[in-house]
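Chain by chain, the residues:
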Amino acid sequence: MSSLASPRITFIGGGNMAQALITGLRQRDFAMQQITVIDPDASKQDRLQQALGVRTAQALSAEALQADVIVLAVKPQQLKTVAESLAPYLQSQLVISVAAGIRTTDLSRWLNGYSTLIRTMPNTPAQIQAGVTGVYALASVSEGQRLLADSLLQAAGDVVWLTDEAQLDAVTAISGSGPAYVFLLIEALTDAGVALGLDKDKALQLSVATFKGASLLAAASETPIATLREQVTSKGGTTEQGLLSLNQHNIHAIMQHAAQQAANRAKTLGDELGGQ
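What you see as residue numbers is a count from 1 along each chain, following the sequence as written. Confidence filtering applies because this is a predicted model: local features only for residues at pLDDT of at least 70, side-chain atom pairs given and counted only at 80 or more, and all residues used for totals across whole chains, interfaces and linings. The basis for the side-chain values is all heavy atoms of the structure; hydrogens and waters are excluded.

*Asks:* Please explain the packing of helix α1 (residues 16-27) against helix α2 (residues 42-52) as it appears in this structure.
*Replies:* The packing of two helices is summarised by the inter-axis angle and the distance between the axes. Orientation is described by lines fitted to C-alpha atoms, with helices fitted over the stretch in contact, and by angles between N-to-C directions that extend from 0 to 180 degrees. Counting from the N terminus, the helices are DSSP H or I runs at least four residues long and the strands are E runs at least two residues long. Two elements in contact, α1 and α2, have axes whose closest approach is 11 Å; the angle formed by their N-to-C orientations is 20°. Comparing the axis directions of α1 and α2 gives the class roughly parallel. Our pair here, α1 against α2, has a crossing hand that is right-handed. Side by side, α1 and α2 meet where Q19, I22, T23 and R26 of the first sit next to L48, A51 and L52 of the second. Each residue is assigned to one class: nonpolar for Ala, Val, Leu, Ile, Met, Phe, Trp, Tyr, Cys and Pro, charged for Asp, Glu, Lys and Arg, and polar for all the others, Gly among them. Classifying every residue of the contact of α1 with α2 by side-chain character gives four nonpolar, two polar and one charged. Roughly parallel covers angles under 35 degrees, roughly antiparallel covers those over 145, roughly perpendicular covers 65 to 115, and oblique covers all other angles. If you view the pair so one helix is near and one far, a crossing is left-handed when the near helix is turned anticlockwise from the far one by less than a right angle, and right-handed when it is turned clockwise. Throughout, a residue-residue contact means that at least one pair of heavy atoms, one from each residue, lies within 4.5 Å.

*Asks:* What am I meant to see in the environment of L148 here?
*Replies:* In this fold, L148 is placed in helix α5 (residues 143-153). The cut-offs for exposure are 20% and 50% of the maximum accessible area for each residue type, with area from a 1.4 Å probe on protein chains only; residues under the lower value are buried, those over the upper are exposed, and the others partly exposed. Classification of L148 by relative accessible area gives buried; the value is 15%. On a C-alpha basis, the gap between L148 and L94 in space is 9.2 Å, while along the polypeptide they are 54 residues apart.

*Asks:* Explain the pattern of salt bridges here, please?
*Replies:* Between side chains of opposite charge, a pair can form as their charged atoms come close. Salt bridge, as used here: a side-chain nitrogen of Lys or Arg that lies within 4 Å of a carboxyl oxygen of Asp or Glu. By the definition in use, this model includes nine salt bridges. Note that R8 is salt-bridged to D68, the shortest N-O span being 3.6 Å. Here R8, found in the segment before β1 (9-12), pairs with D68, found in the loop between β3 (55-57) and β4 (69-72); they are 60 residues apart in sequence, far enough to count as distant. Ionic pairing is found between K44 and D39, a salt bridge with its closest N-O pair at 3.8 Å. The burial state of K44 is the same as that of D39; both residues are buried.

*Asks:* Looking at this model, I keep getting lost on the nonpolar core. Mind explaining?
*Replies:* Nonpolar side chains in soluble globular proteins generally cluster together in the buried interior. Judged by nonpolar contacts, the single largest core of 32 residues is most densely connected at I9, F11 and I35. At the level of secondary structure, the elements contributing two or more residues to this core comprise β1, α1, β2 (35-38), α2, β4, β5 (94-97), β7 (131-137) and α5. Counting residues per element, this core draws most heavily on α1, which supplies five residues. Leave out the neighbours within four places in its chain, and I35 touches I9, F11, I22, L25, F30, V54 and R55. Core analysis: the second largest hydrophobic core is formed by 28 residues, I38, V82, L86 and L138 among them. Nine residue types can take part in a nonpolar core, namely buried Ala, Val, Leu, Ile, Met, Phe, Trp, Tyr and Cys, and a core is a set of them joined through side-chain atoms within 4.5 Å.

*Asks:* I tried to follow the sheet that holds β5 on my own but got confused; where do I start?
*Replies:* Sheets are built from strands paired through backbone hydrogen bonds, the pairs being either parallel or antiparallel. Taking strand neighbours across the sheet as the criterion, the eight strands line up as β3-β2-β1-β4-β5-β6-β7-β8 in an open arrangement whose pairing is mixed. A single partner strand is all that each edge strand has here, and the edge strands are β3 and β8 (157-161). The sheet shows a mean angle of 25° between the axes of neighbouring strands, taken without regard to direction. At least two bridges found by DSSP between two strands is the condition for calling them paired. Summarising the sheet, β1 and β2 pair through four bridges and their orientation is parallel. Each residue of the ladder has a partner; that of T10, found in β2, is T36. Strand contacts of α1: β1 and β2, with the helix running at about 155° to β1, the strand carrying the most contacts. Lying over the sheet, α5 contacts β1, β4, β5, β6 (117-121), β7 and β8, oriented at roughly 145° with respect to β8.

Encoded structure:
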């Protein structure tokens, strides 16, 4: 992964998102010895060392934080405490937060005004390097650091840069929460298959493969999504009848309402967490 060269990266927190990013980096032949994971859980340290070949540490220290990039991969509720402990060690490192809901103004305040910050909103398919991450950087982040962050985050999937931090609430509602919407639709389509006489395993296989194939086709095609839908929908055919039912129940309004509720909650959580 030539664009990353060999920067030193320290992850604070060794949970699912940290492991997803590290796994993606390893698949891109990144030098694992350049990565340190700080986590108080000794058993997790052992697993990370054995599975991924990274360095580990139990607590923050000057040695562990001698890095080009520090990734904050702890729970949002823990971030204030972690940030306040991290602040004395910061010099010129790029700090990337993957903690949901915490705004850069609040994180910067907890870091004693440090502003070389990037805030991200990844999603769970990052665990198989098929995620998408919304990214917002403060103005003090250099172009080189932006490129470094982009290369790092691409290890987990696609990256979408934003110029307005408030848009991360919308990203949370669409791609952050979106996998749950898709899983719900897979559940519903599977149940529909069972109701039509299929056994559950076959109905699930058909449903998952259909979502996977349709998504891959949408990603690979330059054809507009609406046109792809129309190409499946023959006049007077079976698909037309199914879509008529969905439209009668106003599927677009349902999805818009769900996304709006999720975005509202994201903003509220930002207010609550940032008010600590």
